[in-house]
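Each chain is listed here by its residues.
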Amino acid sequence: MQPAPSDTPFRHRHLLGIERLSAEEITLLLDLAESYVSLNRRADKKQDLLHGRTQLNLFFESSTRTRTSFELAGKRLGADVLNISVRTSAIKKGETLIDTAMTLNAMHPDVLVVRHPDSGAVKLLSEKVNCSVVNAGDGSHEHPTQALLDGLTIRRRRGRIAGLTVAICGDVLHSRVARSNIHLLNAMGARVRLVALPTLLPTAVNRLGVEVHTDMREGLKDCDIVMMLRLQTERMHGSFVPSEREYYHFFGLDYEKLALAKEDALIMHPGPMNRGIEIDSSVADDITRSVILDQVELGVAVRQACLDVLSRGLPDLRHNQ
Ligand code: NCD
């Protein structure tokens, strides 16, 4: 297992989370992603940076945006990209995570992109393989590329991240998107507010360096960015919320609550959205406020930037000829 060469500005072999990245490393990734945004708008989107490389996407949980954009990112950089579907793989036959990792590792991939329902599973897998590993979401722990694409969306729309007030609202407890965004926004100098029902806040919330609000109207006051989160019922064992109707009444983003935020506050959502539960349909589709589709577009560029920096640490193919 080769460490990344020390002269590369990004000194990590894997991208497992935002927590261990510095503001400089985050800025490097955002700047690099910026250059891919314009490339992605051209008719010819293909590069050969990853020519000859193999990228495997291993998703143990369903995904539309994240899996598709990792696939597009790899292909646009010239890699051979394979998607391994858990439904049809030996994982369904009871193979352990480590056996799966070792089997795939024996085929010499260069990058493994992994999503798994258990927090920590992607890190464990990264310790068993020779290639770079990108965390595409592990349980309720981290989802680093989502936070990076959110950061890029904010920076492009507002010109900066530092000094902005960002309200992250909804099911914070189960959200890896929230956790990665808290790390990124804190590192980049934003003020973070968490807005949620007490039952949907993590127990150690006061150690996260954020303001906490359990009243959405209070939490949205004068904020620059409203980041909505889905109620992740698949991770809820027991009852965390009253009825969906009541939840929408108190925590659903509608125009009335949005009016408390700054007049030009941006609305974000990582998707998939549950319209009428955490967000009103017309608010989500309001093109003067909602940047939800920007987030999707920038997701491809951010993933290209991540594959780009990690590939700099891979052994040079020319030396192997
Ligand atoms: C999120 C995820 O999977 O963590 N979605 C995404 O990656 N775009 C959020 C969610 O599922 O609610």
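The structure displayed is predicted, hence computed values, not measured ones.

Rules and cut-offs
Residues numbered from 1 in each chain as written. Predicted model: local features only at pLDDT ≥ 70, side-chain atom pairs only at ≥ 80, totals over all residues. Heavy atoms only, no water. Near = heavy atom within 4 Å. Polar contact = N/O pair within 3.5 Å; in protein donor to acceptor, adjacent residues only side chain to side chain. Areas by Shrake-Rupley, 256 points an atom, 1.4 Å probe, with all protein chains shown as cover. Nonpolar A, V, L, I, M, F, W, Y, C, P; charged D, E, K, R; others polar. Pairing = 2+ DSSP bridges. Helix = DSSP H or I, 4+ residues; strand = E, 2+ residues; numbered from the N terminus. Axes fitted to C-alpha atoms, helices over the stretch in contact; angles between N-to-C directions. Contact = heavy atoms within 4.5 Å. Phe/Tyr/Trp six-rings, centres within 6.5 Å; stacked < 30°, edge-to-face > 60°. Buried < 20%, exposed > 50% of the residue type's maximum accessible area, 1.4 Å probe, protein only. Expected span 1.5 Å × (residues − 1). Bend = angle between axes of the 7 residues up to and from the residue. Core = buried A, V, L, I, M, F, W, Y, C linked by side-chain atoms within 4.5 Å. Parallel < 35°, antiparallel > 145°, perpendicular 65-115°, else oblique. Left-handed = near helix turned anticlockwise from the far one by under 90°.

A. Quick look at the site of the ligand. Around the ligand, the neighbouring residues are Thr-66, Arg-115, His-143, Gln-146, Arg-176, Val-177, Arg-230, Gln-232, Pro-270, Gly-271 and Pro-272. Measuring from a nitrogen atom of the ligand, one finds a side-chain N or O atom of Gln-146 at 3.4 Å. A distance of 2.7 Å separates an oxygen atom of the ligand from a polar side-chain atom of Arg-176. In isolation the ligand exposes 320 Å². Once the protein is present, 94% of that is buried. Here the shell around the ligand is built from residues that sort into three nonpolar, five polar and three charged.

B. The sheet that holds strand E5 (residues 165-169), seen in detail. Overall, parallel pairing links the five strands, which are arranged E7-E6-E5-E8-E9 in an open sheet. Of all strands in the sheet, those with a lone pairing partner are strand E7 (211-213) and strand E9 (266-268), marking the two edges. On average, each strand axis in the sheet is tilted by 20 degrees relative to the strand beside it, whichever way the strands run. Note: E5 against strand E6 (residues 191-195), five bridges, orientation parallel. Residue pairing in the sheet places Thr-165 in a bridge with Arg-191 of E6. Each of strand E8 (225-228) and E9 is contacted by helix H5 (residues 144-158), which is oriented at about 165 degrees to E9, the strand it contacts most.

C. A look at the packing of aromatic side chains. Scanning the model with the defined rule gives one aromatic pair in all. With 5.7 Å between their ring centres and 20 degrees between their planes, Tyr-247 and Phe-251 make a pair best called stacked. Here Tyr-247 and its partner Phe-251 are both found in helix H8 (residues 244-251), four residues apart, which amounts to about one turn of the helix. Residue Tyr-247 shares its accessibility class with Phe-251, and that shared class is buried.

D. Structural context of the sheet that holds strand E2 (residues 80-85). Taken in spatial order, the four strands make up an open sheet running E2-E1-E3-E4, and their pairing is parallel. Lying at the two open borders of the sheet, with one neighbouring strand each, are E2 and strand E4 (132-138). Going across the sheet, the axis of each strand differs from the next one's by a mean of 15 degrees, ignoring polarity. Pairing between strand E1 (residues 54-59) and E2: six bridges, direction parallel. Its bridge partner being in E2, Thr-54 is matched across the sheet by Asp-80. Relative to the sheet, helix H3 (residues 97-105) contacts E1, E2 and strand E3 (111-116), its axis offset from that of E1 by approximately 165 degrees.

E. Seen up close, the pairing of E8. Here E8 shows a buried face lined by Ile-225 and Met-227 and a second buried face lined by Val-226 and Met-228. Across four bridges, the pairing between E5 and E8 is parallel. Of the residues in E8, the one forming a bridge with Val-166 is Ile-225. Sheet analysis places E8 next to E9, joined by three bridges and oriented parallel. Note that in E9 the partner of Ile-225 across the bridge is Leu-266.

F. Expanded view of helix H11 (residues 292-311). End to end, H11 covers 29 Å across 20 residues, agreeing with the expected 28 Å (1.5 Å per residue, within 8%). Its maximal kink placed at Leu-298, H11 deviates by approximately 30 degrees. Most of H11 sits inside the fold, with 16 of its 20 residues counted as buried.

G. Summary view of the nonpolar core. One finds Leu-148, Ile-168, Leu-184, Leu-185, Leu-194, Val-226 and Leu-253 to be the most contacted residues of the largest nonpolar core, which totals 86 residues. The element that contributes the greatest number of residues to this core is H11, accounting for 10 residues. Non-local contacts of Ile-168, meaning those with residues more than four positions away in its chain, are made with Ala-178, Asn-181, Ile-182, Leu-185, Val-192, Arg-193, Leu-194, Val-195, Met-227 and Leu-229. One finds Phe-60, Leu-104, Ala-121 and Val-129 within the second-largest nonpolar core, a separate group that totals 17 residues.

H. Looking closely at the packing of H5 against helix H6 (residues 176-187). With their axes 8 Å apart at the nearest point, H5 and H6 run at an angle of 55 degrees to one another. Our classification of the angle between H5 and H6 gives oblique. Two packed elements cross with a definite hand, and for H5 against H6 that hand is right-handed. Side by side, H5 and H6 meet where Pro-144, Gln-146, Ala-147, Leu-148, Asp-150, Gly-151 and Ile-154 of the first sit next to Val-177, Ser-180, Asn-181, Leu-184 and Leu-185 of the second. Its residues placed into classes, the contact of H5 with H6 shows seven nonpolar, four polar and one charged.

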